[in-house]
Every structure is written in C-alpha cells, then in structure tokens.
Amino acid sequence: MSDKDILERYRDERTRCTVYTRVMGYHRPVETFNAGKQGEFHDRVHFVEPGCPCECGEQYQA
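Bear in mind that the values here come from a model prediction, so they are computed numbers and not experimental data.

### A closer look at the overall build of the chain
Then step 1. From N to C terminus, the chain includes two helices and two strands.
Then step 2. From first element to last, N terminus to C terminus, the chain shows the α and β order α-β-β-α.
Then step 3. Across the 62 residues that make up the chain, the buried fraction comes to 10%.
Then step 4. Pairs at least 24 apart in sequence give 0% of the contacts found in the chain among residues at least 6 apart.

Okay, structure coming up:
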C-alpha cells in the first residue's frame, strides 16, 4: 500500500498537529512564522554527529 493510499484511507482519523522549533531560546510554532522563515525551516537538513550512539541517526545522515 502506497503512502497516498494510506493517507486517503485514514483521512477521517487524521488531525493537524502543531510543529514547534526553538528560535532565539524560545519554542515557537512554525505555523506562526512568515513565509520566508517557514521555507527556511523546511530547507533544514538533519545530521548526526559522528560517533553518536543513537540508533535513529542512520535515518538523518546528510
């Protein structure tokens, strides 16, 4: 089953979630950012520090 099929199948059960990010020491919802700042947020690249013991690091290597 593709991602599109899954999204369509469970459309009624989905809810919108608020994504927060830390800006200047404060946690702020991304939806309140202006268009330029939202684009900048979505362009961010996740990375893992070499030697990180975290198992999830394999997903986010840049």
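### Points about the pairing of strand β1 (residues 20–23)
Then step 1. Here four bridges tie β1 to strand β2 (residues 26–29), and the two strands are oriented antiparallel to one another. The residue bridging Val 23 from the neighbouring strand is Tyr 26, located in β2.
Then step 2. The antiparallel hairpin formed by β1 and β2 contains two residues in its connecting segment, where Met 24 sits at a positive phi of about 50°.

### Examining the pattern of salt bridges
Oppositely charged side chains are able to pair whenever their charged atoms sit close together.
Then step 1. Tallied over the full model, the rule gives two salt bridges.
Then step 2. With a closest N to O distance of 3.1 Å, Arg 11 and Glu 8 form a salt bridge.
Then step 3. Among the ionic pairs, Glu 40 bridges to Lys 37, the shortest N-O distance being 3.1 Å. Here Glu 40 pairs with Lys 37, and both are found in helix α2 (residues 35–42), just three residues apart, close to one helical turn.
Then step 4. Of the residues examined, Glu 40 reaches a relative accessible area of 44% and is grouped as partly exposed.

### Comments concerning the side chain of Thr 21
Then step 1. Examined against the element boundaries, Thr 21 turns out to sit in strand β1.
Then step 2. Side chain to side chain, Thr 21 and Arg 44 meet in a polar contact 3.1 Å long.
Then step 3. With residues near it in sequence (within four places) discarded, Thr 21 still touches Tyr 26, His 27, Arg 28, Val 30, Phe 33, Phe 41 and Arg 44.

Rules behind the numbers
- Residues numbered from 1 in each chain as written.
- Predicted model: local features only at pLDDT ≥ 70, side-chain atom pairs only at ≥ 80, totals over all residues.
- Heavy atoms only, no water.
- Helix = DSSP H or I, 4+ residues; strand = E, 2+ residues; numbered from the N terminus.
- Buried < 20%, exposed > 50% of the residue type's maximum accessible area, 1.4 Å probe, protein only.
- Contact = heavy atoms within 4.5 Å.
- Pairing = 2+ DSSP bridges.
- Salt bridge = Lys/Arg side-chain N within 4 Å of Asp/Glu carboxyl O.
- Polar contact = N/O pair within 3.5 Å; in protein donor to acceptor, adjacent residues only side chain to side chain.

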